[in-house]
Amino acid sequence: MKIMNMRHLAVTALAVASFSFIATGCGGNAKSGDAAKADSAAVDSVNDAVKAAKQAEPKQSEAAKKLGLKPLATSPSGEYTYYLDKKNLAFYIDNPAAGKLDKIDFVEKYELININPGEITDYSVRKDKVVFIIFNGGNTSEMEGYYGAYFSMKDNKMHDITFTPAMKFNKDKSVLEVFEPTSPYPYPEGKDVTYDLDKL
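Report on the accompanying structure. All figures in this text were calculated on a predicted structure; none of them were measured in a lab. (Residues numbered from 1 in each chain as written. Predicted model: local features only at pLDDT ≥ 70, side-chain atom pairs only at ≥ 80, totals over all residues. Heavy atoms only, no water.)

Let's shift gears to the pattern of salt bridges. Per the stated rule, a full pass over the model turns up seven salt bridges. The partner of D102 in a salt bridge is K100, and the shortest N-O contact between them spans 4.0 Å. Among the residues examined, K100 registers a relative accessible area of 48% and is labelled partly exposed. As a salt-bridge pair, K173 and D122 come within 2.7 Å of each other at their nearest N and O atoms. With K173 in the loop between β9 (166-169) and β10 (175-181) and D122 in strand β5 (residues 119-126), this pair connects stretches of sequence that are 51 residues apart. (Salt bridge = Lys/Arg side-chain N within 4 Å of Asp/Glu carboxyl O. Buried < 20%, exposed > 50% of the residue type's maximum accessible area, 1.4 Å probe, protein only. Helix = DSSP H or I, 4+ residues; strand = E, 2+ residues; numbered from the N terminus.)

Here's what the structure looks like:
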């Protein structure tokens, strides 16, 4: 969608440049300074739009292409591309220029997931971070729960949020809503807590 918007911008800017040319006459007369500036600005706008559209296309290393996964996000700098393998509980950091592909294994990071396979139940891409809800697959109710964690594109590291028996995103996935128990299992008492994902 972002690339299509950029292409639309490029076409619009080109139309502006054409209109400016027609409006100032095409009989060989020299254009006024204002008309020339307008044409130049329109051409610059087209070039910027084309450049932005190219930058929006995620780059991939050969190792990343072999994964067969669709890019999940691209760092603001465009240096890194990220992939999520929900089935195998893994998150990949791709540096195409260096040809380097790193893997964050959720099973290794969150040891309790080893009880059962577990799963990534949901995620949210927010500007410079990817937020995950990870079910640990606990084989007893007392051990069962959800990890809230986020990957920061600023430092290319995973950060913990919380571990609770209940967790979900709000409708637009901008807030993490969790139930934090204040009593032992079966958690008869607790409180609802929210985390603004843009302020993590």
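Alright, that's what it looks like, and here's the rest.
The next subject is the sheet that holds strand β4 (residues 100-105). The sheet built from four strands is open, its strands ordered β1-β2-β3-β4 with antiparallel pairing. Whereas interior strands pair on both sides, the edge strands pair on one side only; in this sheet they are β1 (71-74) and β4. The sheet shows a mean angle of 25° between the axes of neighbouring strands, direction not considered. As defined by bridge partners, strand β2 (residues 81-85) adjoins strand β3 (residues 90-95) across five bridges and the pair is classed as antiparallel. When the sheet's bridge partners are listed, Y83 is paired in β3 with Y92. (Pairing = 2+ DSSP bridges. Axes fitted to C-alpha atoms, helices over the stretch in contact; angles between N-to-C directions.)

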